[in-house]
Each structure stands twice: as structure tokens, then as C-alpha cells.
Amino acid sequence: MSNTDTRPEEIHCRTEDLPIRDAHRPRVEIITSREVPLGGPRAMPVRRTLPQRQRSLIGAWCFVDHYGPDDVSRTGGMDVAPHPHTGLQTVSWLFTGEIEHRDSHGVHAMVRPGELNLMTGGHGICHSEVSTSATATLHGMQLWLALPDAHRDAPRDFQHHVPPVVRVRGAAVKVFLGSLAGRQSPVTTFTPLLGAEIVLDPATSITLDVDPSFEHGVLVDTGTVALFGTVLTRAALGYTGTGVPALELTNTTDEPARIVLLGGTPFGEEIVMWWNFVGRNHDEIVAYRDAWERGSDRFGSVSGYTGRVERLPAPPLPQARIRPRRNPSTADPNCPTQDPA
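The structure contained in this document is the topic of the report that follows. Each residue is numbered by its place in its chain's sequence as written, counting from 1. The predicted nature of this model means local features are confined to residues of pLDDT at least 70 and side-chain atom pairs, given and counted, to a pLDDT of 80 or more, with totals for whole chains, interfaces and linings taken over all residues. Water and hydrogen atoms were dropped before computing side-chain values, which therefore reflect all heavy atoms in the structure.

**Considering the sheet that holds strand β4 (residues 44-50)**
In space, the 7 strands of this open sheet follow the order β3-β4-β5-β12-β7-β10-β13, with antiparallel pairing throughout. The outermost strands of the open sheet, each flanked by one partner alone, are β3 (34-38) and β13 (157-161). On average, adjacent strands in this sheet sit at an angle of 20 degrees to one another, irrespective of strand direction. When DSSP locates at least two bridges between a pair of strands, those strands are taken to pair. Strands are runs of DSSP state E lasting at least 2 residues, helices are runs of H or I lasting at least 4, and numbering of each runs from the N terminus. Sheet analysis places β3 next to β4, joined by 5 bridges and oriented antiparallel. Paired with Arg34 across the two strands is Arg48, which belongs to β4. Axes here refer to lines fitted to C-alpha atoms; in helices the fit is confined to the stretch in contact. Angles between the N-to-C directions go from 0 to 180 degrees.

Structure follows, in C-alpha cells:
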């Protein structure tokens, strides 16, 4: 998915853990989304949770878009023309609908509910995404993973995986990346990561063992869920830092509640994000943009896309160079961290 902001902000990201006072009742930081338009003749709205001024990274997860349920007859659905990426992997995860994916690695694939599509665009790739005519309602997530320095020029690649449903007491779990609830995804990543869809039974509490070296984010798709007693409403993301051996989740409603759990070891490297590029400094971003605008072979080309425009042009670069941005600590009085209720 493309960042369709017409004036995208340069973001200089670095990892900083949320201090843990009690590993079994940790602080939970609530991250709220902001709405941005995504293509379509009437602009399908997308809720963007990462990156934010409040927090830029959770492990290597550096971009979280959450959209739908979207009536495509009203909004026009998704139609994102070929656009470039560097230094990242894209993760597509749908709840309902269908998206046609084409990329310059020669892949033509369908994104369907409960099926992971992971595209690697390290050195450079471009792709298009279009909701199909069979789609009445589009609902899902698009996520980016920052690649560590040793692998950020990785060649183009594409992986597809259909995770099975694993029943634990009080929930159904699909593990699309990493390991959880005794299930390991076979999908290759370049840093330790976790990605899972979890549907909680009505009025149920569960405890999930997790890797204490990971930081975690819980994004609520449907319902209302409490993380260690801190209530998260729909589209909110609850964050916990490292040192937590298990997550306590409670569905506070009498209907099933769906969340997406994201985790990973703190990234440990500073990155620069602008538009669809992940680099390490301002000058790299300038070079990536120039390469895309002049049609460099770095990104290749997409065959078979028949949308309104041949490809997305890059927005103008900002006038100023990047200033570092840190994730705030809990000592910051402006940090909207909440203790459990």
C-alpha cells in the first residue's frame, strides 16, 4: 500500500522502550489512529496508527494502516497505482474482500481474508493494489516492516502463507508471522517478529505467553478489549514494552472481539521514513525519489495494471532536512500513557 499523503512528513525513527514497573501488570500506552484518504474516486478512508509522533516503531513494525469495513460501492474501494518501496517488507492482511496484487518481481496474486501476503522491497520494488469486482466490503490491514541495515538492500521477494486456526481457551488464533500459542509461521523475516489475528470469545479473559524480549502492540479491530485492565476501543492500539512474559486480554463485550497482535524485539536502528521509502538519512531519501521519478531500473515496472494513471508520482520533497524524533518516555508529562484501571 502507498502512503498517499500529498505532503508526507519525514520521520526519523528510533526505538525507545516504555519502562516496565511490574512485568505482570505493566503500563499500557494507548496509541490512537489518524484518518487519511487512500485512493478511489471518493477516497476510501484509512486509519493510520503507526507512525505517530507518540511512537514510531513496535519492533520492526513501522507502518500500520487499518481500514474498513468499507462499502466499495460508496467509496470506490482500493485502487493504488504502481508505486515504489525501499528498505521494507509489506504485509497484507484482510478480514473481508479481495485485492489484486501485481509487482515488479513478476508476481500476480490475490490477497484474501486470512491469507498472508508478504512482499520484500529492500533494494527497490514497485507494485499496485486494486480491490476486485467480487468485493462488496473491504476490511483489513496493511503493515510495513523496516529491514535492518544488513538486509535493507535485500532482493525482491514475495511469500504467501495461509495460517491455520488454533483454538486456545477463550480465543481463536491465526499466527501469520513468528510464534504464538504453540504455532510457528514458516514465513521468513529479517528480525524477530510476531503477527497474529486473535478472535476473543464473548466476555472472556485469556492469558497468552509471549517472548519477554519483545515489545507488543494490540490493535482492536472489532469490539472493546482490555489489555492488563486498560480498555482499548475500536481502532486503538495498546503498547507494552519489553520484559512482559504474558499478555492479559479481556473481551469486555458479549460479542466476539477481534484484535491483531504485533510484536518484535526493539529495532535498535535509526531509520528515516518518507512517502513509501525507508532509508537511513535525508540524502538517501532524495536519491530514492529521484530514481523513481526518472524511471530507474531500481524499481522495475508492473505489468497488467489498468488504472486511471500509469503510476503514482512522488510528492514534492520537504524544504527542511530531518530532525531526530524519539519515542517519548513515561517521564514525559505529555505522553498519553495510562496505568491499568
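From this point, the narrative continues.
**Points about the pairing of strand β23 (residues 237-240)**
Of the two faces of β23, the one holding Leu237 and Tyr239 and the one holding Gly238 and Thr240 are both buried throughout. Pairing geometry for strand β2 (residues 28-31) and β23, over 3 bridges, is antiparallel. Within β23, the residue paired with Ile30 across the bridge is Gly238. Relative to β23, strand β20 (residues 215-222) runs antiparallel, the two sharing 4 bridges. By the bridge assignment, Gly217 is partnered in β23 with Tyr239. Exposure is judged per residue with a 1.4 Å probe applied to protein chains only, and the accessible area is read against the type maximum: over 50% gives exposed, under 20% gives buried, and values in between give partly exposed.

**Re the environment of Leu261**
Here Leu261 is to be found in strand β25 (residues 257-264). The class of Leu261 is buried, set by a relative accessible area of 1%. Separated by 43 residues in sequence, Leu261 and Val218 have C-alpha atoms that sit 4.7 Å apart. If sequence neighbours within four positions are ignored, Leu261 has contacts with Leu180, Leu194, Gly195, Ala196, Ile198, His216, Gly217, Val218 and Leu247. Should any heavy atoms of two residues lie within 4.5 Å, those residues are considered in contact.

**Let's talk about the pattern of salt bridges**
A pair is scored as a salt bridge if a Lys or Arg side-chain nitrogen falls within 4 Å of a carboxyl oxygen belonging to Asp or Glu. Going through the model one piece at a time under the given rule, you end up with 14 salt bridges. Between Glu98 and Arg112 there is a salt bridge whose closest N-O contact spans 2.8 Å. Here Arg112 lies in the loop between β9 (108-111) and β10 (116-121) and Glu98 lies in the loop between β7 (88-96) and β8 (99-103), a separation of 14 residues in the sequence. Under the relative-accessibility criterion, Arg112 is labelled partly exposed at 36%. For Arg258, the salt bridge identified is with Asp221, shortest N-O distance 2.8 Å. Remark: Asp221 occurs in strand β20 and Arg258 occurs in strand β25; sequence separation between them is 37 residues. Each member of the pair, Arg258 as well as Asp221, is classed as buried. Linked by salt bridges that have partners in common, Asp149, Arg152 and Glu284 make up one network.

**A look at the packing of aromatic side chains**
Aromatic ring pairs are defined here through the distance separating the ring centres and the angle between the ring planes. Between 30 and 60 degrees the pair is tilted, below 30 it is stacked and above 60 it is edge-to-face, where a pair is any two Phe, Tyr or Trp rings, Trp via its six-membered ring, whose centres lie within 6.5 Å. In this structure the tally under the stated criterion is 8 aromatic pairs. Seen in terms of ring centroids, Phe63 and Trp144 are 3.9 Å apart; in terms of plane orientation they differ by 15 degrees. Their pairing is stacked. With Phe63 in strand β5 (residues 61-71) and Trp144 in strand β12 (residues 137-146), the pair connects residues that are 81 residues apart, well separated along the chain. Of the residues examined, Phe63 reaches a relative accessible area of 1% and is grouped as buried. Between the aromatic rings of Trp292 and Phe299, the centroid separation amounts to 5.6 Å while the plane-to-plane angle is 85 degrees, which identifies the pairing as edge-to-face. For Phe299, a relative accessible area of 0% gives the class buried. Of the aromatic side chains, those joined through ring pairs into one cluster are Trp274, Trp275, Phe277, Tyr288, Trp292 and Phe299.

**Comments concerning the sheet that holds strand β6 (residues 79-85)**
In space, the 4 strands of this open sheet follow the order β6-β11-β8-β9, with antiparallel pairing throughout. Every interior strand has two partners, whereas the edge strands, β6 and β9, have only one. Each adjacent strand pair in this sheet contributes to an overall mean axis angle of 20 degrees, direction not counted.

**Observations regarding unusual backbone geometry**
Glycine aside, residues mostly have negative phi, and peptide bonds are mostly found in the trans state. Residue Pro51 is reached from Leu50 by a cis peptide bond, and omega for that bond is -5 degrees. Its location among the elements puts Pro51 in the loop between β4 and β5. The omega torsion of the bond from Gly68 to Pro69 falls at 0 degrees, within 30 degrees of zero and hence cis. By secondary structure assignment, the location of Pro69 is in strand β5. If you check the backbone angles, Ala203 has positive phi at about 50 degrees while not being a glycine. Mapped onto the secondary structure, Ala203 falls in the loop between β18 (193-200) and β19 (205-209). At Ala235, a residue that is not glycine, the phi angle is positive and equals roughly 80 degrees. If you trace the backbone, Ala235 turns up in the loop between β22 (230-232) and β23. With relative accessibility at 9%, the residue Ala235 sits in the buried group.

**So, the pairing of β19**
Of the two faces of β19, only the one carrying Ile206 and Leu208 is buried; Ser205, Thr207 and Asp209 on the other face are not. Of the pairings in the sheet, the one linking β19 to strand β24 (residues 246-251) comprises 5 bridges and is antiparallel in character. Residue pairing in the sheet places Leu208 in a bridge with Leu247 of β24.

None of the figures reported here should be taken as evidence of function without further support.
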